[in-house]
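Descriptive structure summary
Now for the letters of each chain:
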Amino acid sequence: MSAFWLKWMALASMLIDHIGAVFFGDFTVRAFGADWEILRIVGRLAFPILAFQIAQGAAHTSNWKKYALRLLVFGLVSELPYDLALHGGVDWTNQNVYFTLLLGLLAIEADMKWTARDWKAGRFKGIVFAALLMLLAFIIGSDYGGFGVLMIYWFYLAGSDSLMMAGGIAAINFVLGRIQAFGVLALIPISLYNRKLGYHRPWLQYTCYLFYPVHLAVLAAVRAVAG
């Protein structure tokens, strides 16, 4: 499975999740003695896949500063649609997922820079810096918080060690909560990743970036019209 298909799987999962969050929060199925929000469960696949792709992108980007700037710009553009769609109004205590992805990217890039000079000392500094970025994510209330940053950083640390990757990602998803535990299922398509980009064009790249604020704006508008 190429990066192209992984990305679209994440976006489809995200769309289903947000439709569930905005319009069908009370749509549940009773099973195993509990009520399960089916649409939100499907949506749990999105973030682990995005976190994995940030780790991959950090390792292969030719200009990480431009990469970080794109995440920052789209994070700022997405904030109002995010608030309106998912919180019903401006909410300064919660920030959208682009900020989490940005902090994860910064953690990886710093680690790579420091370990290239001195692996042992660099890794120590990288872990400390990642922990500080996790704390920052909790403080600003970015989506998935510090555990989201940790998931991105863990994908990077695990590298090609599938056992380390699976164990850490499963643990993080379970810590994030009952429904997010289903995020461990994202390891299935991730395990099928063939390390190829697949179809890739600049216009498509920016379409994927825009998908997040645009679909949230549409959901917010529909929510406002429907009352």
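Scroll up to find the structure this text is about.
The notes below deal with the structure included here. Along each chain, residues carry numbers from 1 onward, in the same order as the chain's sequence is written. Under the rules for a predicted model, residues below a pLDDT of 70 receive no local features and side-chain atom pairs below 80 are neither given nor counted, while totals for whole chains, interfaces and linings still include all residues. Working from all heavy atoms in the structure, the side-chain values ignore hydrogens and water.

Topic: the overall build of the protein
Scanning the protein from N- to C-terminus turns up 10 helices and two strands. Each helix (α) and strand (β) of the protein, taken in turn from the N terminus, gives the series α-β-β-α-α-α-α-α-α-α-α-α. Using C-alpha atoms as the atom set, the radius of gyration is obtained and then compared with a globule rule of 2.2 Å times the number of residues to the power 0.38. The C-alpha atoms of the protein give 17 Å as radius of gyration, which agrees with the globular expectation for 227 residues (17 Å, within 12%). Referenced to the eigenvectors of the C-alpha coordinate spread, the extents of the protein come out at roughly 55 × 40 × 40 Å. Here's how the labels work: a residue is buried when its accessible area is under 20% of the maximum for its type, exposed when over 50%, partly exposed in between, all with a 1.4 Å probe on protein chains only. Residues counted as buried form 46% of the 227 residues belonging to the protein. The contact definition used throughout considers only heavy atoms, calling two residues in contact when any of these lie within 4.5 Å. Long-range pairs, those at least 24 residues apart, make up 70% of the contacts in the protein with a sequence separation of at least 6. Summed over all atoms, the accessible surface of the protein reaches about 11700 Å², with 70% contributed by carbon and sulfur. Charged residues are defined here as Lys and Arg on the positive side and Asp and Glu on the negative side; His and the ends of the chain fall outside this count. Here the site of a charge means atom NZ of a Lys, CZ of an Arg, CG of an Asp or CD of a Glu. Taken together, the 17 basic and 12 acidic charged side chains of the protein have centroids lying 11 Å from each other. Put simply, DSSP H or I for four residues or longer makes a helix, DSSP E for two residues or longer makes a strand, and each gets a number counted from the N terminus. Per-residue accessibility takes into account occlusion by the displayed protein chains alone, with areas from the Shrake-Rupley method and a 1.4 Å probe.

Considering the packing of helix 4 (residues 64-87) against helix 10 (residues 202-226)
With their axes 7 Å apart at the nearest point, helix 4 and helix 10 run at an angle of 15° to one another. With respect to their mutual orientation, helix 4 and helix 10 come out roughly parallel. Handedness of the helix 4/helix 10 crossing: left-handed. Residue-level contacts link Tyr67, Arg70, Leu71, Phe74, Val77, Ser78, Pro81, Tyr82, Leu84, Ala85, Leu86 and His87 of helix 4 to Gln205, Tyr206, Tyr209, Leu210, Tyr212, Pro213, Leu216, Ala217, Leu219, Ala220 and Arg223 of helix 10. Axis definition: a line fit to C-alpha positions, over the contact stretch in the case of helices; interaxial angles, taken between N-to-C directions, run 0 to 180 degrees. To sort the angles, those under 35 degrees are grouped as roughly parallel, those over 145 as roughly antiparallel, those from 65 to 115 as roughly perpendicular, and the leftovers as oblique. It is the rotation of the near helix from the far one that decides the hand of a crossing: anticlockwise by less than a right angle makes it left-handed, clockwise makes it right-handed.

Details of the nonpolar core
Judged by nonpolar contacts, the single largest core of 56 residues is most densely connected at Phe47, Leu71, Leu101, Phe155 and Met165. In terms of residue count, the dominant contributor to this core is helix 3 (residues 46-60) (nine residues). Ignoring sequence-local partners within four residues, the contact set of Phe47 consists of Val97, Thr100, Leu101, Tyr144, Gly148, Met151 and Ile152. Only buried Ala, Val, Leu, Ile, Met, Phe, Trp, Tyr and Cys residues count toward a nonpolar core, and they belong to the same one when joined by side-chain atoms within 4.5 Å.

A word on a nonpolar patch on the surface
Only residues whose relative accessible area exceeds 30% and that take part in no salt bridge are eligible for patches, with like-charged residues grouped when within 9 Å of each other and nonpolar side chains (Val, Leu, Ile, Met, Phe, Trp, Tyr) grouped when within 5 Å. Salt bridge, as used here: a side-chain nitrogen of Lys or Arg that lies within 4 Å of a carboxyl oxygen of Asp or Glu. A cluster of nonpolar residues, Phe23, Phe24, Leu210, Val214, Val218 and Val222, forms a patch on the protein surface that exposes about 490 Å² of accessible area. Examining the composition of the nonpolar patch, we find that four residues originate from one element, helix 10, more than from any other. Owing to a relative accessible area of 41%, Val222 belongs among the partly exposed residues under this scheme.

Some thoughts on helix 6 (residues 119-140)
Under the 1.5 Å per step criterion, the end-to-end length of helix 6 is 31 Å for 22 residues, consistent within 8% with the ideal 32 Å. Regarding helix 6, the residues found buried are Gly122, Arg123, Gly126, Ala130, Leu133, Met134 and Ala137. Across the axial projection of helix 6, the buried residues extend over an arc of 115°, all falling on one side. Counted as exposed and oriented over 90 degrees from the buried face of helix 6: Lys120, Phe124, Leu132 and Ile139. If you follow the buried residues of helix 6, they end up packed against helix 5 (97-117) and helix 7 (145-158). One side-chain oxygen of the residue at the start of helix 6 lies 3.3 Å from the amide nitrogen of Lys120, identifying that residue as Asp118. Where helix 6 ends, the next residue or the one after it, Gly141, has phi of about 75°, a positive value. By definition here, a helix of n residues has an expected span of 1.5 Å times n minus one. Arc definition: it is the arc formed by the directions from the helix axis to the C-beta atoms. Here a polar contact is taken to be a pair of N or O atoms separated by no more than 3.5 Å, where protein atoms must pair a possible hydrogen donor with a possible acceptor and residues adjacent in sequence count only if both atoms sit in side chains.

Structural notes on the layout of surface pockets
Using only the protein atoms, space was sampled on a 1 Å grid; points where a 1.4 Å probe fits but cannot get out form cavities, open sets with protein on both sides within 12 Å along at least five of seven lines form pockets, and lining residues are those with an atom within 4 Å of a point. Grid points are joined across faces, edges and corners, and a volume is the space filled by probe spheres set on the points. The volume enclosed by the largest pocket comes to roughly 890 Å³. For the lining of the largest pocket, the secondary-structure elements that each account for two or more residues are helix 1 (3-23), helix 3, helix 4, helix 5 and helix 10. Broken down by class, the residue content of the lining of the largest pocket amounts to 20 nonpolar, nine polar and six charged. Quantified by volume, the second largest pocket comes out at close to 250 Å³. If you trace the second largest pocket, you find 17 residues lining it, with Asp17, His18, Arg40, Leu86 and Asp143 closest to the centre. Those elements giving two or more residues to the lining of the second largest pocket turn out to be helix 1, helix 2 (38-43), helix 3 and helix 4. Sorting elements by how many residues they give to the lining of the second largest pocket places helix 1 first, with four residues. Within the lining of the second largest pocket, the residues separate by chemical class into 10 nonpolar, three polar and four charged. Residues are grouped as follows: Ala, Val, Leu, Ile, Met, Phe, Trp, Tyr, Cys and Pro are nonpolar; Asp, Glu, Lys and Arg are charged; all remaining types, including Gly, are polar.

Geometric descriptors of this kind do not, in isolation, establish any biological role.
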